[in-house]
Every structure is written in C-alpha cells, then in structure tokens.
Amino acid sequence: MTDVLIIGGGVIGLAIALELSLLGIKVTVLERNACAQGATWAAAGMLAPQAERLSGDLLDLALRSRSLYPHWIDQLQGITGMECGYWQCGILVPYLNEVLVWKLNLHTLPEYCDRAHTKTIQTGLNHNVAGGLWFKDDAQVDNRYLSKALIAALRLRSVKILEGVSVYSIETDQNQVTHLVTSHGNLQSDRYILATGAWTKELMPLPISPRKGQMLEVFDPNHSLKTVLFSEDVYIVPRQDGRIIIGATVENVGFTIGNTAQGVSTLLNNAIRLYPAIAAMTIQSTWWGFRPHAPAEIPILEVSPTYENLVLATGHYRNGILLAPVTAKVIADLIN
Ligand code: FAD
Ligand code: GLY
C-alpha cells in the first residue's frame, strides 16, 4: 500500500512527490488529466520574488525557494539528464514614468539604473525609457521542461503516477480522511495531500479561486533579449532557443476558457511599446491558464485544521513555479 496519496499532478504535487520519494516514502500521484497541464503548463516560469514585489513571510519563503533552485535543478538533471531551461538572467523593470509606483511597493532593494545603464543591460528598449530597476538575482525556468523532468524523475524512482483518475470526493470520519472516491474506485492510504490548484474548492471548502491569465508566444531565433523585461502591464520572458513568452492578463472570470481579442491585443501592444522589435516577430501560439488565488495571495501549506491525516498545499497564485522547491520541503517536514 502507498503511504501518501497526492491529489493533483501540477508542479506542486509533482515537486512534493519527488521530495517524499527521496525520503523513502511511498507516494502515488492522482491526476485527472495528464500531469502538468493546468497552471503549471500555462506559466511563464519567472522566479521573481523581487520583481513580483512580494512582502513579509511570503517574500521570505519565495527568496528561500529561489535560493533552493540551483541545487534542485542540478538534482533533477542528475536523476534524469534532462534540461530544465533554468537561466539566471535577472529581471529588468524599465520605466517610462511609473517608477514612483514601483518604489512605493518595493520590499527588497533593486539596483537603480539610469537611462544609459538600463540600455547596457538590455539593448533595443523603447527610446523613451528613463531608467530601470535591476533585479539581478531573479531568474527563470522553462516550466514545461521542468514538468517533463519532474515526471521523468518520478517514473525513474518508481513513483506511481495515475493519470486520468478524477477524485470525486474526500471521505472522512470525525477528524480523519478515510478514503478517496475516484473514477477508478475507492483509494486509501495513511496520509493525503491536496494539491489541486485552482480547482481545490471542488473537494474542500477552502478559499481558493481561479484568476485567469492569458499569454502568447512569439519567435525570433536571432532575438537579442538577455533578460526578462517586467513592467506594470506586461512581462516579456525570452527563452534561449528563440521563443519569447508574453504575459499576462489577470482576470476574475471564473473558469471561462479561451483567449480574447482584447486580452491578446493589449498584451501585444504593451509588449511592443516596451520592446519594439516584437512587432515584426511571428506569433507562435496563444493560451490561457487559471492561477490558484488565495486570500492575501498567500498559499495554504499546512496540516488541515479539520483532518489530521490531510495536508493542504494549494493557493500558490502567481508564484507556484518559483515556490515549488520550498513547498516540497515544507510539506515533507509536515509529513515526515
Ligand atoms: P496546477 O498546475 O493547476 O495543477 C493542479 C492539478 O490538479 C491539475 O493538473 C488538475 O487537473 C489537478 N486536479 C484538480 N482537481 C482534481 C481532482 N479532483 N482529481 C484529480 N486531479 C485534480 N508562477 C511562477 O512562479 N512564475 C511565473 O512566471 C508564473 N506565471 C504564470 C502565468 C500564468 C498565465 C499563470 C496561469 C500562472 C503563472 N504562475 C507563475 C503561477 C503558477 O503557474 C501556479 O501557481 C502553479 O502552477 C500552481 O501549481 P499547482 O500544481 O498548484 O496547480
Ligand atoms: N507570475 C506571473 C503571472 O502570474 O502572470
């Protein structure tokens, strides 16, 4: 029998599964679709505690996670031999006029750059750029490569991943979860982890709700972007193989699917304003995803207050890719 059943095969469920398996704990991941096709697939992969202007305990958690990344990626590459697109490229916030807004909301100190310095960090910016904030320690990972590596690592370590298995309900008796009712019958283990992202409310009355984000990708094999560009209304994330991810809207529209003309055109206009060369690049694809929003934007990482053998790992909102390694450690400490 498995020791722990993890519900949800996004980056959070997968990262926890790997951490537990490395501790010798028998884990099974239950995923109703294919793994890593939810928010994890839709993300941009920025590792940006500073550019995202996090604060308080969440900032501390996020900085810890960012510092865990190099070792975590080495470990994953060591197990699988797979490339994850981890790139310590820094994040630049070029500004025209909005610097005051940024200063007011900053909780960590960036490097302030004048116009000339900003342009040496990144050429080709809008001519009217007045300066920039340089977060040199922020980074990125290719979230889709990362997920593939996580899945491969779990398979190599003989972790059971059951895809196409929907959990319909979590059955309880007093302060214990007794079993899960699933599309493949009842499943039971000693402990359970809920990592169901934006869909968490379907199984537990927790205050998690979806925030839709629209995204698109353009391509230029010769682009000269060396860093992520991040502004108030758009971010531009260059990959090293010519892809450039542009995001993202934040919409409180439930689980409404699809890209809208308004969403895509606003993102493109903002991106072209910041980095004009994008105007000539080919559009490769558009997509959307649902961020798991939690109150105060703080993820829920704790033993359930109601059920002793249920651990909650959800609500990572805008930063679940960044927070995956630290979440895995926090949850492993709760389980062990
Ligand atoms: P998900 O990846 O959504 O996975 C949840 C999984 O649970 C899904 O696969 C779902 O099918 C499964 N599931 C749900 N209910 C059930 C059930 N009943 N039975 C079985 N399976 C179930 N974060 C960053 O750090 N950096 C970024 O740059 C970034 N950019 C983003 C851009 C966009 C547009 C979006 C949408 C998100 C972005 N994020 C980013 C946030 C990040 O993607 C999420 O916080 C993270 O992916 C959440 O991971 P998760 O595993 O909790 O959720
Ligand atoms: N962290 C980027 C986003 O959620 O859009």
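Predicted, not measured: the structure shown is a model, and the values here were computed from it.

Q: Break down the state of the cysteines for me, citing the residues and quoting the values.
A: Taken as a whole, this structure holds zero disulfides when the rule is applied. Free cysteine: Cys89, not disulfide-bonded; nearest cysteine sulfur from Cys113 at 15 Å. Since its relative accessible area comes to 6%, Cys89 is described here as buried. Taking relative accessible area as the criterion, Cys113 reaches 3% and is therefore assigned buried.

Q: Describe the site of ligand 2, and please don't skip the residues or the numbers.
A: Lining the immediate environment of ligand 2, one finds Met46, Glu52, Tyr235, Ala248, Arg291 and Arg318. Between ligand 2 and Tyr235, the relevant distance is 2.6 Å, taken from an oxygen atom to a side-chain nitrogen or oxygen of the residue. In this structure, an oxygen atom belonging to ligand 2 sits 2.7 Å away from a side-chain N or O atom of Arg291. Bound to the protein, ligand 2 loses 89% of the 200 Å² it would expose on its own. Looking at the shell around ligand 2 residue by residue, the classes come out as three nonpolar, no polar and three charged.

Q: Requested: an account of helix α1 (residues 11–22), with residues and values cited.
A: The end-to-end C-alpha distance of α1, which contains twelve residues, comes to 16 Å, matching closely the 16 Å that a straight helix rising 1.5 Å per residue would cover. Summarising burial for α1: eleven of the twelve residues are buried, a large majority. Count one or two residues on from α1 and you reach Gly24, which has phi positive near 85°.

Q: I'd like a rundown of the pattern of salt bridges, residues and numbers included.
A: One pass over the full model with this rule turns up eleven salt bridges. Arg66 is the salt-bridge partner of Asp138, the closest N and O atoms lying 2.6 Å from each other. Residue Asp138 is located in the loop between β6 (131–135) and β7 (139–140), and its partner Arg66 is located in helix α3 (residues 56–80); the two are separated by 72 residues in the primary sequence. In this structure, Asp138 and Arg66 share a single accessibility class: buried. Residue Asp137 is joined to Lys136 by a salt bridge in which the shortest nitrogen-to-oxygen separation is 3.6 Å. Classification of Asp137 by relative accessible area gives partly exposed; the value is 40%.

Conventions we followed
Residues numbered from 1 in each chain as written. Chains lettered and ligands numbered in written order. Predicted model: local features only at pLDDT ≥ 70, side-chain atom pairs only at ≥ 80, totals over all residues. Heavy atoms only, no water. Disulfide = S-S within 2.5 Å. Buried < 20%, exposed > 50% of the residue type's maximum accessible area, 1.4 Å probe, protein only. Near = heavy atom within 4 Å. Polar contact = N/O pair within 3.5 Å; in protein donor to acceptor, adjacent residues only side chain to side chain. Areas by Shrake-Rupley, 256 points an atom, 1.4 Å probe, with all protein chains shown as cover. Nonpolar A, V, L, I, M, F, W, Y, C, P; charged D, E, K, R; others polar. Helix = DSSP H or I, 4+ residues; strand = E, 2+ residues; numbered from the N terminus. Expected span 1.5 Å × (residues − 1). Salt bridge = Lys/Arg side-chain N within 4 Å of Asp/Glu carboxyl O.

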